[in-house]
Amino acid sequence: MPALKYPSLLNPRCLIDGQWRDADSALTFDVTNPANGTVLAQVPAAGSAETERAITAAERALTTWRKLPAPDRAAKLRRWHDLMLTHLEDLASLLTAEQGKPLSDARAEVRYAASFVDWYAEEARRIYGDVIPAPSGDRRILALKEPVGVCGAITPWNFPYAMVTRKVAPALAAGCTMVLKPAEQTPLSALALGVLALEAGIPDGVFNIVTGDPAIIGKTLTDSPVVRKISFTGSTEVGRLLMRQSATTLKKLSLELGGNAPFIVFDDADIDEAVAGLMQAKFRNAGQACIAANRIYVQRGVYEAFSKRLCETVARLRVSAGTDEGADIGPLIDGSAVEKVEAHLEDALAHGAKLLCGGKRHALGGTFFEPTVIADATENMVLARDETFGPLAPLFPFDRDDDAIAAANAVEYGLGAYLYSRDQRRIWRAIDALETGMVGVNSGMISTAVAPFGGIKQSGLGREGSRYGIEEYLVLKYVCLGGLAA
Ligand code: NAP
């Protein structure tokens, strides 16, 4: 475990009603460092009873939290944000220890996660409703915005801070309370956020964290009539399950699910910029991002030049433990993540792809994998349909613009897409035709708290970040004021 300047941030217990608790059974599960397999901590294996208690606490806390004036809620969120930045180095160390990403990326994630808290501290003051022109003079019609109520959130391991604050900050800003279940592989980051939330003065029961069996905790959240909203980030398969489970209690849902992002390089693109953009879109977090470029379509006229430049750049990537300053790519999260990359690579090579660089487990062993580029990928390969979630970049050559767009859209997902070109008409034709919730144009880095993040098709429902993100935690109350005739 890394030595922390503020050791209280490592708190491997559940946060329920402002108290730090073990599981009723006293059972725990191990949290390990993916860089070397060492056990970092034991975290409570909580289940239904603990989740029920967290829901009850959130229900009780809701009564006062929703009535707290917006500037007061904003002030507490602001303090939480400030504390995250005060403890940035420790938070980054915890993240690198349990998730593996390089420390520089971990620091960037802490800043990114804090930026959601900052943004929603401001949005808390701007939850406006409407006054609507009435159809008769004796009435006034108002649309008021109210918090949806107690929320449940389930988050993944790839961005363990940002995926939490992207949900919790807008929920709390809106006046909702929250029960969070973080990913089993990265609970320590979420629990550290809980420590800082309490220190920021967020009242007991407003933000609860339960670690443990995902299916049991998920079912308890979805079955509860008290929980009015579920916000989930993770795989499409689990998203569908949570949607089915939420049907009986008709919950409001936000589902940020899988992606399979196309990255299109047209022949008039600036090749250096396109390669730099792809390095961010493909290799950040070792490719373990829902908006990671998964299919790289390169127009025939620049295919050779682009492949050559890309391989030269990829060869300079430093694969190393995230704690080594200068590391670009850390370990993958676990053995099955490595096996998935290998399976996609093997299938592609069997179907005629050509290996340009990388292609095997890294000499460091464990879950380290060489950043890999393959050429001549085709639509009949598994990686054309399924997200690889690892450092494998397949290049698909194309001739006509329409062919690239048709291939880009020919998947069940619709989260992110990227394109590189200098021709505005071409750019707008592509933007209009792409079936995704987000498009990066001449930019490989699109995530920011100020923009609406989310997908269409099987990539989910709802948006996170921006002014739209807070709407997910609000419901409208229409008020008709009658009897006002002069
Ligand atoms: P996952 O298996 O769906 O896990 C995500 C979360 O769901 C974890 O907390 C997991 O708990 C929990 N979970 C698993 N089974 C559950 C169940 N039966 N009921 C309730 N919760 C359950 O996804 P992952 O493999 O960790 O994450 C990668 C996926 O997330 C990729 O598909 C990626 O594209 C997607 N993702 C999407 C976005 C976005 O914004 N659209 C962002 C990041 C990632 P345990 O950890 O305890 O198993």
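As shown above, the structure is provided for reference.
Fair warning: this is a prediction, and the values are worked out from it, not measured in the lab.

Peer 1: In this structure, what is going on with the site of the ligand? I would like to understand it.
Peer 2: Taken together, 30 residues lie around the ligand, and Thr155, Glu184, Ser235, Leu257 and Glu387 are the ones closest in. Lys181 places a side-chain nitrogen or oxygen 3.1 Å from an oxygen atom of the ligand. Residue Glu387 places a side-chain N or O atom 2.4 Å away from an oxygen atom belonging to the ligand. Across the complex, the protein chains shield 86% of the 900 Å² of accessible surface that the ligand would expose by itself. Cavity membership is defined here by more than half of the atoms lying within 2 Å of grid points; on that basis the ligand lies in the largest pocket. Breaking the shell around the ligand down by element, the ones donating at least two residues are α5 (162-174), α7 (214-223), β10 (227-233) and α8 (236-246). Among the residues forming the shell around the ligand, the class breakdown is 17 nonpolar, eight polar and five charged.

Peer 1: Could you clarify how one ought to interpret the layout of surface pockets in this entry?
Peer 2: Here the largest pocket is characterised by a volume of approximately 940 Å³. The wall of the largest pocket is formed by 40 residues, among which Pro156, Trp157, Gly234, Ser235 and Val238 lie closest to the centre. Secondary structure elements with two or more residues in the lining of the largest pocket: α7, β10, α8 and α11 (335-350). The biggest single contributor to the lining of the largest pocket is α8, with seven residues. Among the residues forming the lining of the largest pocket, the class breakdown is 18 nonpolar, 12 polar and 10 charged. Considered as a void within the structure, the second largest pocket measures approximately 370 Å³ in volume. Lining the second largest pocket are 19 residues, and of these Asp105, Ala108, Arg284, Asn285 and Met445 lie nearest its centre. Those elements that place two or more of their residues in the lining of the second largest pocket are α4 (103-123) and α9 (271-283). When residues in the lining of the second largest pocket are grouped by element, the largest group, five residues, is from α4. When the residues that make up the lining of the second largest pocket are grouped by side-chain class, the tally is 10 nonpolar, four polar and five charged.

Peer 1: Could you clarify how one ought to interpret the sheet that holds strand β5 (residues 130-132) in this entry?
Peer 2: Strand pairing in a sheet takes place through backbone hydrogen bonds and is either antiparallel or parallel in direction. Reading across the sheet, the three strands line up as β5-β6-β22 and stay open at both edges, with antiparallel pairing between neighbours. Each edge of the open sheet is held by one strand with a lone partner, namely β5 and β22 (474-481). Averaged over all pairs of adjacent strands, the angle between their axes in this sheet comes to 25°, without regard to strand direction. By the bridge criterion, three bridges tie β5 to strand β6 (residues 140-147) in an arrangement that is antiparallel.

Peer 1: What's the story with α5 in this structure? I'm lost.
Peer 2: Along an α-helix, residues three or four apart share an orientation, since each turn contains 3.6 residues. With 13 residues, α5 extends 18 Å from end C-alpha to end C-alpha; this agrees with the ideal 18 Å at 1.5 Å per step. Counting buried positions over the 13 residues of α5 gives 13, a clear majority of the element. Of the residues flanking the end of α5, it is Gly175, one or two places downstream, whose phi is positive at about 100°.

Peer 1: I'm lost on the nonpolar core in this one. Help?
Peer 2: Nonpolar side chains tend to gather and get buried jointly when the protein is soluble and globular. Phe263, Ile264, Phe306 and Leu310 are the most contacted members of the largest nonpolar core, which totals 71 residues. At seven residues, α9 tops the list of elements feeding residues into this core. If sequence neighbours within four positions are ignored, Phe306 has contacts with Val265, Ile271, Ala274, Val275, Leu278, Ile296, Val298 and Leu395.

Peer 1: Could you clarify how one ought to interpret the packing of helix α13 (residues 401-409) against helix α14 (residues 424-433) in this entry?
Peer 2: Axes are the key here: two packed helices are described by the angle between their axes and the distance separating the axes. As a packed pair, α13 and α14 sit with axes 10 Å apart at the nearest point and diverge in direction by 25°. With respect to each other, α13 and α14 are oriented roughly parallel. Here α13 runs over α14; the crossing is right-handed. Where α13 abuts α14, its residues Asp401, Ile405 and Asn409 lie against Arg426, Arg429, Ala430 and Ala433. Looking at the contact of α13 with α14 residue by residue, the classes come out as three nonpolar, one polar and three charged.

Parameters and conventions
Residues numbered from 1 in each chain as written. Predicted model: local features only at pLDDT ≥ 70, side-chain atom pairs only at ≥ 80, totals over all residues. Heavy atoms only, no water. Near = heavy atom within 4 Å. Polar contact = N/O pair within 3.5 Å; in protein donor to acceptor, adjacent residues only side chain to side chain. Areas by Shrake-Rupley, 256 points an atom, 1.4 Å probe, with all protein chains shown as cover. 1 Å grid on protein atoms, 1.4 Å probe; cavity = no way out; pocket = protein on both sides within 12 Å on 5 of 7 lines; lining within 4 Å. Sits in = over half its atoms within 2 Å of the grid points. Helix = DSSP H or I, 4+ residues; strand = E, 2+ residues; numbered from the N terminus. Nonpolar A, V, L, I, M, F, W, Y, C, P; charged D, E, K, R; others polar. Points joined across faces, edges and corners; volume = space filled by probe spheres on them. Pairing = 2+ DSSP bridges. Axes fitted to C-alpha atoms, helices over the stretch in contact; angles between N-to-C directions. Expected span 1.5 Å × (residues − 1). Buried < 20%, exposed > 50% of the residue type's maximum accessible area, 1.4 Å probe, protein only. Core = buried A, V, L, I, M, F, W, Y, C linked by side-chain atoms within 4.5 Å. Contact = heavy atoms within 4.5 Å. Parallel < 35°, antiparallel > 145°, perpendicular 65-115°, else oblique. Left-handed = near helix turned anticlockwise from the far one by under 90°.

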